[in-house]
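Breakdown of the fold
Given next are the chains, with one letter for each unit.
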Amino acid sequence: MVSNGTMILCDNLVKIYQVQDLEVVALQGLDLLIDRGEFVGIIGPSGSGKSSLLNILGGLDRQTAGKAVVDGQDLLKLSSAALTKYRRDKVGFLWQQPSRNLIPYLSVMDNVELPMLLAGKGVGERQEWARELLENVSLWERRDHAVHQLSGGEQQRTAIAVALANKPVILLADEPTGEVDTATAQQILSTLRYLNETYDLTLIVVTHDVRISDQVDRVVSIRDGRTSSERFRRVH
């Protein structure tokens, strides 16, 4: 039974990919509990299963065995249509390349409003929420700029605002600092921490960047498709 405090429960999660005649085991019995509002960093070597875990939690892929429950929904039991609705309503995605979140010829403001437009939100609601998000990622002054006029860090912060446009309950970030310098990476992580605290947002960041331990509540290490260790940081 999932308590009210639990946002994500993974129990004995297994993911096997069929590659031609080979079976590749990406996850082999992974267990993970994440509380509502927790900011968790997931680290591990390439091929350890980090991205497979993110794809399952985001509803982009289905596990081979085991259980994945997010916000009370058992993802394996959802129909394809229900899984699409889950992705749209519950999950925000942030990728290593901001271009996966952004349309380059649109303005910053239009990029943030687009997911709300597609969801049928009214113009007043779209503009109000877009302004709040852009103020919170320190980009309101750049709202009328096209994406291609922004720096890499500004593009990634715009992508964060786009990822939160439909008010998801979890934000999944895959190497969000992978293509920027150290100072910009710190700014992006600080922005994510601020949004986590402001909106009680459950946030998972998959990264190779060990500096993330300064920002998150907990670092979970994955090795060979299983959780291998955890480190906590609590500052209240």
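Look above for the structure.
Anyway, here's the lowdown on the structure attached to this text.

Brief notes about the overall build of the chain
If you tally the helices and strands in the chain, you get six helices and 10 strands. For a compact globule of 236 residues, the expected C-alpha radius of gyration is about 18 Å, and the chain comes in at 18 Å, within 12% of that figure. With respect to the three principal axes, the spread of C-alpha positions in the chain is 50 × 40 × 40 Å. Here the chain holds 236 residues, and the buried ones make up 50% of them. Of all intrachain contacts in the chain linking residues separated by at least 6 positions in sequence, the fraction that spans at least 24 positions is 68%.

With respect to the pairing of strand 9 (residues 218-223)
Of all six residues in strand 9, five are buried, a share of seventy percent or more. Pairing of strand 3 (residues 39-43) with strand 9 involves four bridges; the strand directions are parallel. Bridging across to strand 9, G41 finds its partner in V219.

Here we look at the packing of aromatic side chains
This model, assessed by the stated rule, comprises two aromatic pairs. Where F93 meets W95, the ring centres are 5.5 Å apart and the plane angle is 5°; that geometry is what we call stacked. Overall, the relative accessible area of 17% leaves F93 in the buried class. W95 gets classed as buried once you look at its relative accessible area, which sits at 13%. Directly above the aromatic system of Y17 lies the positively charged group of K15, at a separation of 5.0 Å from the ring centroid. Positioned over the ring face of W129 is K167, at 4.7 Å from the centre of the ring.

Some words on the nonpolar core
In this structure, V112, L134, I160, L171 and L192 are the most contacted members of the largest nonpolar core, which totals 36 residues. Among the elements of the structure, strand 3, helix 3 (108-118), helix 4 (123-136), helix 5 (152-163), strand 7 (170-174), helix 6 (182-199) and strand 8 (202-207) are those that each provide at least two residues to this core. Residues within four places of L171 in sequence aside, it is in contact with G92, F93, L94, A163, L164, L192, L201, T202, L203 and I204.

What about the pattern of salt bridges?
Inspection of the entire model under this criterion finds 12 salt bridges. Measuring nitrogen to oxygen at the nearest pair gives 2.6 Å for the salt bridge that ties D71 to K90. Residue D71 is located in the loop between strand 4 (65-70) and strand 5 (73-74), and its partner K90 is located in helix 2 (residues 80-90); the two are separated by 19 residues in the primary sequence. Put simply, E113 and R126 hold a salt bridge, and the shortest N to O gap is 3.2 Å. Linking E113 in helix 3 with R126 in helix 4, this pair joins segments that are 13 residues apart in sequence. This pair shows no difference in class: E113 is buried, exactly as R126 is. The network of salt bridges with common partners includes R36, D71 and K90.

A few points about the sheet that holds strand 2 (residues 22-35)
Read from one edge to the other, the open sheet built from four strands follows the order 2-1-4-5, with strand pairing classed as antiparallel. The outermost strands of the open sheet, each flanked by one partner alone, are strand 2 and strand 5. Two elements, strand 1 (residues 6-19) and strand 4, share five bridges in a ladder whose sense is antiparallel. Looking at the pairing, L9 lines up with V69 of strand 4. The strands that helix 1 (residues 50-57) touches are strand 1, strand 2 and strand 4; relative to strand 1, the one it contacts most, it runs at about 115°.

What counts and what doesn't
- Residues numbered from 1 in each chain as written.
- Predicted model: local features only at pLDDT ≥ 70, side-chain atom pairs only at ≥ 80, totals over all residues.
- Heavy atoms only, no water.
- Helix = DSSP H or I, 4+ residues; strand = E, 2+ residues; numbered from the N terminus.
- Rg over C-alpha atoms; globule rule 2.2 N^0.38 Å.
- Buried < 20%, exposed > 50% of the residue type's maximum accessible area, 1.4 Å probe, protein only.
- Contact = heavy atoms within 4.5 Å.
- Pairing = 2+ DSSP bridges.
- Phe/Tyr/Trp six-rings, centres within 6.5 Å; stacked < 30°, edge-to-face > 60°.
- Lys NZ or Arg CZ within 6 Å of the ring centre and 35° of its normal.
- Core = buried A, V, L, I, M, F, W, Y, C linked by side-chain atoms within 4.5 Å.
- Salt bridge = Lys/Arg side-chain N within 4 Å of Asp/Glu carboxyl O.
- Axes fitted to C-alpha atoms, helices over the stretch in contact; angles between N-to-C directions.

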